[in-house]
Amino acid sequence: MFLLTRDRVTNPGALDIRWVPRRYLGRTAVWPRGGGAGLWARLIFEIELLRYLIALMPFVLATLIWRDYALAIAQAPIPMLILIYLVEARLLRASPARRARLVSEDEADRRLDLLRSRARTILTRIAAGRGLGEQAAAGRLHLVIEQSEMLRVPVLTLVSVQQEAEGAARPAMLRLTPAECALIEETLFVPPLSERALQHVSLARKIELHDLTLEPGQVSAHARLAAMMAARQGAAMS
């Protein structure tokens, strides 16, 4: 899981948004600040052009081995396109029939219900901690979850919290605090709902983007009080 917030990306300008929900996979590249080699490798693998070049490596090797036929091999676009299709559609992704078998309807409903419950908990605590429930002009919050469709590689999940604009303001990608990042990491994907389990639901139901919302005005006084107590405890510990 890669949290999209300004403190965790090397190109924060990519987080300037004009509409909500804003999608990134296949549209805008975002690069992590740190994150480890695994996350970097997975993000790089998401670039289509690089995957196409990797898929065409057999043709490159063939031109090096059989140099007398190099020109003929290089001028064979149809076999190249067929190979790219097989790698992308059959090797990396699941067929429509396979997608339908990934998860039962009842189990998909249970996972989505659990996702909505966790998203509401996360957004409620974020809104309460920021005092958004007391602001009449506070825009709706969106927990946006994007996942790559490639089934046979490690799951790539982009998670962000976006806020709708009110009045003349522009929508915004929230700059999450360390505590808010920890809240998402500790709450969103824990058993029985893992990133892979949600991906199965997304593929089976053809869900390209999970957009879970909360009206800040719906934050209860109890949630605001709990956030206030947590802030005081954190200040006392520091």
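The preceding data block contains the structure.
Residues numbered from 1 in each chain as written. Predicted model: local features only at pLDDT ≥ 70, side-chain atom pairs only at ≥ 80, totals over all residues. Heavy atoms only, no water.

A.B. asks: What am I meant to see in the overall build of the chain here?
C.D. replies: Along the chain, the regular secondary structure elements total 10 helices and five strands. Evaluated residue by residue, the chain yields a buried proportion of 41% over its 238 residues. Within the chain, counting contacts between residues at least 6 apart in sequence, those at least 24 apart form 71% of the total. Here the chain displays about 13,500 Å² of accessible surface, and carbon together with sulfur accounts for 59% of that area. (Helix = DSSP H or I, 4+ residues; strand = E, 2+ residues; numbered from the N terminus. Buried < 20%, exposed > 50% of the residue type's maximum accessible area, 1.4 Å probe, protein only. Contact = heavy atoms within 4.5 Å. Areas by Shrake-Rupley, 256 points an atom, 1.4 Å probe, with all protein chains shown as cover.)

A.B. asks: Explain the packing of helix α2 (residues 48-55) against helix α5 (residues 77-92) here, please?
C.D. replies: Any two packed helices are characterised by how steeply their axes cross, that is the angle between the axes, and by the distance between the axes. Two elements in contact, α2 and α5, have axes separated by 9 Å at closest approach and are oriented at 110°. Taken together, the axis directions place α2 and α5 in an arrangement best described as roughly perpendicular. For the pair α2 and α5, the sense of crossing is right-handed. Residues R51, Y52 and A55 of α2 form the contact with α5, whose participating residues are L83, I84, V87, E88 and L92. (Axes fitted to C-alpha atoms, helices over the stretch in contact; angles between N-to-C directions. Parallel < 35°, antiparallel > 145°, perpendicular 65-115°, else oblique. Left-handed = near helix turned anticlockwise from the far one by under 90°.)

A.B. asks: Could you clarify how one ought to interpret the pattern of salt bridges in this entry?
C.D. replies: Side chains that differ in sign of charge can pair as their charged atoms come close. According to the stated counting rule, one finds 17 salt bridges in the structure shown. In this structure, R110 engages E107 in a salt bridge whose closest nitrogen and oxygen atoms are separated by 2.8 Å. One end of the pair is R110 and the other is E107, both in helix α7 (residues 105-129) and three residues apart, which spans about a single turn. Residues R140 and E164 are paired through a salt bridge, measuring 3.7 Å at the closest nitrogen-oxygen approach. Remark: E164 occurs in the loop between β3 (157-163) and β4 (172-173) and R140 occurs in the loop between α7 and β2 (141-147); sequence separation between them is 24 residues. Overall, the relative accessible area of 26% leaves E164 in the partly exposed class. One connected set of salt bridges, linked through shared partners, spans R51, E88, R93, R99 and E149. (Salt bridge = Lys/Arg side-chain N within 4 Å of Asp/Glu carboxyl O.)

A.B. asks: What should I look at first to understand the pairing of β2 in this one?
C.D. replies: β2 sits mainly inside the fold: seven of its seven residues count as buried. Side chains L141, L143, I145 and Q147 of β2 all project onto a buried face; the interleaved residues H142, V144 and E146 project onto the opposite face, where all are buried too. Looking at chain direction, β2 and β3 are connected through seven bridges and run antiparallel. By the bridge assignment for β3, V144 is matched with S160. Two elements, β2 and strand β5 (residues 210-214), share five bridges in a ladder whose sense is antiparallel. Residue L143 lies in a different strand from β5, and its bridge partner there is L212. (Pairing = 2+ DSSP bridges.)

A.B. asks: Explain the packing of aromatic side chains here, please?
C.D. replies: Aromatic rings in a pair are described by how distant their centres are and how their planes are angled relative to each other. All told, the structure shown has one aromatic pair when counted by the stated rule. Centre to centre, the rings of W31 and W40 are 5.6 Å apart; their planes meet at 5°, and the pair counts as stacked. Residue W31 is classed as partly exposed on the basis of its relative accessible area, which comes to 23%. A relative accessible area of 31% places W40 in the partly exposed class. (Phe/Tyr/Trp six-rings, centres within 6.5 Å; stacked < 30°, edge-to-face > 60°.)

Honestly, that's just the spatial picture; any functional story needs more than this.
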